[in-house]
Amino acid sequence: MLILGIETSCDETSASVVENGRRVLSNIIASQIDLHALTGGVVPEVASREHVVKIIPVIDEALKQAGCVLTDIDAVAVTHGPGLIGCLLVGVHTAQILAITQNLPLIPVNHIVGHLSSTWLAHEERIRFPIVTLTASGGHNELVLIRNHYDFEVLGETLDDAAGEAYDKGARILGLSYPGGPAIAKAALHGNPHRYHLPRAWLETHKNPKNWKNFNFSFSGLKTALLRLAAQEFSREKSDREKIVADLAASYQEAINEVLATKLLLAAQKFQAREIHLVGGVSANQDLRQKIQSALNMRRSSLRFRFPQNLTFCTDNAAMIAAAGFFKYSLNSRKFHHYDIEVSTENSHC
Ligand code: KG4
Ligand code: ZN
């Protein structure tokens, strides 16, 4: 089954053709990063206008690269939330028009469920449930227990900033570029992660995993601590600014990743997962991947650790939407021939 996926929830206009939820025939992403770098973050009105300009050429290119035409497509899957309302509407209206004119099923996909499905793409290996997945991106931070496709339980989420947002805000404090995650990761390569101790919001003692109950996250206190520390360090006379930035970036990355990795591993243990997955923009972070992998190695754990097969599946993309759409359609193929789908900014699943 060939699904055309469409994603416009934030700052990437993306279209993709995926076969049977796993084989990616094309995945075109028009990123707005350069545009939003000018303002240091996404301006919703600017983002939605850019989607309007890009959406048709991006879909054309996705079909072309997949070597197919619209009549070869079996269904259209589109992100209907959560996201920026004006941005979502561009993708949803385009998908509705395509589905109506071609008489195709139209599958609304939750953006976070899209991220959860990104680990299925571009390989043939068998994935075994139950899975505990950490979604860490600019807008979302959730730990989810997946018992089967579309059988989710949210174990925890952020109480304030998402991890990607914390990276973006931290980078701004340190005078680094947007998006902040890759910029902090790069600066941290030359820094000492133990020079500064920044707070970790465990939200509950993590010393005894048996008593561990709280899988929520909080990063706003960490951001404030960085703001204070950076102001203090930068004001010191004769300070080596480049070295300080590198050490602050490394210490900040360490504080974020330690919490993410620890909570993911504890949740996997508590819910007896067979696999752990790391998805969303922050899953591109090499230090975070290494932390998780080395913790598993140290415990000689048989847990299978996966993250998306390539970097374009970590950040927002339409291939993951097509994959999630395929699994949703497979559960009940009859209910997708009505075209009045609801666009939602709410942070909910399904
Ligand atoms: O999933 P995504 O493209 O968009 C949302 O759904 O929010 O994630 C974007 C986020 C940004 O906050 C960016 O700073 C972060 O992912 N990110 C990273 C890395 N690459 C992207 N964070 C840490 N390390 C990276 N290498
Ligand atoms: Zn996303």
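Please refer to the structure placed before this passage.
Residues numbered from 1 in each chain as written. Chains lettered and ligands numbered in written order. Predicted model: local features only at pLDDT ≥ 70, side-chain atom pairs only at ≥ 80, totals over all residues. Heavy atoms only, no water.

Novice: I'd like a rundown of the pairing of strand 8 (residues 151-157), residues and numbers included.
Specialist: Pairing of strand 7 (residues 141-148) with strand 8 involves six bridges; the strand directions are antiparallel. Looking across to strand 8, one finds that L145 is bridged to E153. What sits between strand 7 and strand 8 in their antiparallel hairpin is a turn of two residues, with Y150 showing a positive phi close to 65°. (Pairing = 2+ DSSP bridges. Helix = DSSP H or I, 4+ residues; strand = E, 2+ residues; numbered from the N terminus.)

Novice: Give a detailed account of the site of ligand 1, specifying residues and quantitative values.
Specialist: Taken together, 19 residues sit near ligand 1, with G138, G139, D168, G181 and D316 positioned nearest. Backbone polar atom of G138 to an oxygen atom of ligand 1: 2.8 Å apart, as the coordinates give it. For ligand 1, an oxygen atom lies 2.9 Å from a polar atom in the backbone of G139. For ligand 1, whose accessible area on its own is 560 Å², the fraction buried by protein is 89%. Those elements giving two or more residues to the shell around ligand 1 turn out to be helix 4 (111-117), helix 5 (163-173) and helix 6 (180-188). Looking at the shell around ligand 1, its residues break down into six nonpolar, eleven polar and two charged. (Near = heavy atom within 4 Å. Polar contact = N/O pair within 3.5 Å; in protein donor to acceptor, adjacent residues only side chain to side chain. Areas by Shrake-Rupley, 256 points an atom, 1.4 Å probe, with all protein chains shown as cover. Nonpolar A, V, L, I, M, F, W, Y, C, P; charged D, E, K, R; others polar.)

Novice: Break down the coordination of the zinc ion (ligand 2) for me, citing the residues and quoting the values.
Specialist: For the zinc ion (ligand 2), every protein donor is listed as H111 (NE2), H115 (NE2) and D316 (OD), and the spread of their distances is 2.0 to 2.1 Å. One way to put it: the four donor atoms around the zinc ion (ligand 2) meet at angles of 96 to 142°, and that makes the site irregular. Read in sequence order, the donor residues coordinating the zinc ion (ligand 2) give the pattern H-x3-H-x200-D. With H111 in helix 4 and D316 in the loop between strand 10 (304-306) and helix 10 (319-331), this residue pair connects regions lying 205 residues apart in the sequence. (Donors = N, O, S within 2.8 Å, 3.2 Å for Na, K, Ca; no water. Tetrahedral: all angles 85-135°; square planar, octahedral: opposite > 155°, others 65-115°.)

Novice: Provide a residue-level description of the sheet that holds strand 7, including the pertinent values.
Specialist: Taking strand neighbours across the sheet as the criterion, the five strands line up as 8-7-6-9-10 in an open arrangement whose pairing is mixed. Pairing within the sheet leaves two strands with one partner each, and these edge strands are strand 8 and strand 10. Here the average twist between neighbouring strands, direction ignored, is 20°. For strand 6 (residues 131-136) and strand 7, the ladder comprises six bridges, and the chain directions are antiparallel. (Axes fitted to C-alpha atoms, helices over the stretch in contact; angles between N-to-C directions.)

Novice: So what's going on with the sheet that holds strand 4 (residues 75-81)? Residues and values would help.
Specialist: Pairing within the open sheet is mixed, and its five strands lie in the order 3-2-1-4-5. Two strands bound the open sheet, and with one partner strand each, they are strand 3 (23-31) and strand 5 (106-110). Strand-to-strand twist across the sheet, computed as the mean angle between neighbouring axes with direction ignored, equals 20°. Looking at chain direction, strand 1 (residues 2-7) and strand 4 are connected through four bridges and run parallel. Note that in strand 4 the partner of I6 across the bridge is V78. Helix 3 (residues 85-102) rests against strand 1, strand 4 and strand 5 of the sheet, and its axis sits at about 155° to strand 4. The sheet strands contacting helix 10 are strand 1, strand 2 (12-19), strand 3, strand 4 and strand 5, and the helix crosses strand 5 at an angle near 115°. (Contact = heavy atoms within 4.5 Å.)

Novice: Describe the pattern of salt bridges, listing the residues and the values that go with them.
Specialist: Overall, the coordinates contain 17 salt bridges when judged by the stated rule. A salt bridge links E45 to R49; its shortest N-O distance comes to 2.8 Å. Of this pair, E45 and R49 both sit in helix 2 (residues 44-66), four residues apart, which is roughly one turn of that helix. Linking R147 and E153 is a salt bridge whose minimum nitrogen-to-oxygen distance equals 2.6 Å. Note on E153: relative accessible area 31%, which makes it partly exposed. Residues joined in a network through salt bridges with shared partners are R195, E233, R236, K243 and D247. (Salt bridge = Lys/Arg side-chain N within 4 Å of Asp/Glu carboxyl O. Buried < 20%, exposed > 50% of the residue type's maximum accessible area, 1.4 Å probe, protein only.)

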